[in-house]
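The primary structure of each chain is shown beneath.
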Amino acid sequence: ARVNLRALTSWVGIARLFAVVLSCLTFSLVASTGNFRGPSGTWCMFTWCFCFIVTLLVLLLELLELYPMLPLSWDDFTSAFSMLAVLMVFTSSVVFPVSFISSPCSSNECARQAVATTTSFLCFLAYAVEVGLTRAKPGDISSFLSTVPGLLKVFEAYMACVIFSLLDEYNKESGLMWCVAVYSICFIFTLLIIIFTIGRCLAYIPCPLDKVLVGYNFLALLMYITATILWPLYSFKGRSRPSSCGRNCSWDKHLGITFLTIFNLIAYLVDLIYSSRMVFI
């Protein structure tokens, strides 16, 4: 192995260094308070630790130029991870203060939580800068997951994961069960596309892959249109928000799924437009 200092001195390397420092500082501050129990706190702590470890590993592999030895598409992997880190850290930057910071914030523990929230948001910006720097320019398709359709694939899969985490009381209505089937089918196929791209397996598929992806995006868009209509129809028909609706209220979860479904519908629409332009124009 030989040392490649450009891995640390380039703009992408500097953004990754900031992400490593900020994620480490964030989970250290939260750990020092000892107040991160429960599903929300566990998720946030996992996010910061996971992003810290993977980004540090990416920096070391590029610094020592060991990544060509790995049996995967390095550019696709780093593009997918940076996009995933943007989404995960942004979610944690919103969930953590909502779940753990109370008003008025006057104690030392609360001050550290507030600083951790700030560093988490700055970490999100560092990953967003990395995504912007590594995104493929128009006409450059050497790395699929660094293109707009590739980044949208990561977004679509992540949104589906968030939807799954909110699912509650859906097996009483056939319409809701269809929506869950839509979320599951689209998630599985999108995840397989990401994995096969990183693993360099798409070249072994005996069909015009670019046109297959356009067809899949079109079908996924149609399925999400039905879910966008059926989910709120079956979730809220004849049901108003209960007056005793707490933090884990099923009504609120269904409302969150409604908005996430709309977000994924827009993502699949943009994905279809960009994929069609790449293939046919």
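Source: prediction; values computed, not measured.

### Observations concerning the pattern of salt bridges
- Considering all chains together, one arrives at four salt bridges under this definition.
- Between Glu-65 and Arg-2 there is a salt bridge, with its nearest N and O atoms 3.0 Å apart. In this pair, Glu-65 sits in the loop between helix H3 (38–63) and helix H4 (74–100) while Arg-2 sits in the segment before helix H1 (6–9), placing the two residues 63 residues apart along the sequence.
- On the accessibility criterion, Glu-65 (26% relative accessible area) is partly exposed.
- Linking Arg-16 and Glu-62 is a salt bridge whose minimum nitrogen-to-oxygen distance equals 2.9 Å. Taken together, the residues span a long stretch of sequence, with Arg-16 in helix H2 (residues 11–33) and Glu-62 in helix H3 at a distance of 46 residues. Neither Arg-16 nor Glu-62 differs from the other in exposure class; each is buried.
- A single salt-bridge network, built from bridges that share partners, covers Arg-16, Glu-62 and Glu-130.

### So, helix H6 (residues 148–166)
- End to end, H6 covers 27 Å across 19 residues, agreeing with the expected 27 Å (1.5 Å per residue, within 8%).
- Among the 19 residues of H6, 14 are classified as buried, and the element is accordingly described as predominantly covered.

### Brief notes about the UniProt feature "transmembrane region" (unreviewed entry) in the chain
- With numbering matched to this structure, UniProt assigns "transmembrane region" (unreviewed entry) to residues 12–31, 43–61, 81–101, 113–129, 141–164, 176–198, 213–234 and 255–274.
- This span, residues 12–31, is 100% helix and 0% strand, and a straight line between its end C-alpha atoms measures 28 Å.
- Helix makes up 100% of residues 255–274 and strand makes up 0%, while its end C-alpha atoms are separated by 29 Å.

### Examining the packing of aromatic side chains
- For the structure shown, the criterion picks out 16 aromatic pairs.
- Ring centres of Trp-48 and Phe-96 lie 5.6 Å apart, and the angle between their planes is 75°; this geometry places the pair in the edge-to-face category. Of the two residues, Trp-48 sits in helix H3 while Phe-96 sits in helix H4, which places them 48 residues apart along the sequence. Each member of the pair, Trp-48 as well as Phe-96, is classed as buried.
- Ring centres 5.2 Å apart and planes at 50° place the aromatic pair Phe-90 and Phe-124 in the tilted group. Here Phe-124 lies in helix H5 (residues 108–134) and Phe-90 lies in helix H4, a separation of 34 residues in the sequence.

Parameters and conventions
- Along every chain, residues carry numbers that run from 1 in the direction the sequence is written.
- Per-residue local features are limited, in this predicted model, to residues with pLDDT of at least 70; the limit for side-chain atom pairs, both in listing and counting, is 80 or more; totals at the level of whole chains, interfaces and linings are taken over all residues.
- For the side-chain quantities, the full set of heavy atoms in the structure was used; hydrogens and water were omitted.
- Any Lys or Arg side-chain nitrogen located within 4 Å of an Asp or Glu carboxyl oxygen qualifies as a salt bridge.
- Under the scheme used here, helices are H or I runs from DSSP no shorter than 4 residues and strands are E runs no shorter than 2 residues, and both carry numbers assigned from the N terminus.
- In this scheme, a residue with accessible area under 20% of its type's maximum is buried, one over 50% is exposed, and one in between is partly exposed, where area comes from a 1.4 Å probe on protein chains only.
- Here, expected helix span is obtained from the residue count minus one, scaled by 1.5 Å.
- UniProt positions are given in the numbering used here, feature names are shortened, and annotations may be inferred rather than shown by experiment.
- A pair of aromatic rings is counted whenever rings of Phe, Tyr or Trp (Trp by its six-membered ring) have centres within 6.5 Å, and the orientation is called stacked for planes under 30 degrees apart, edge-to-face for over 60 and tilted otherwise.

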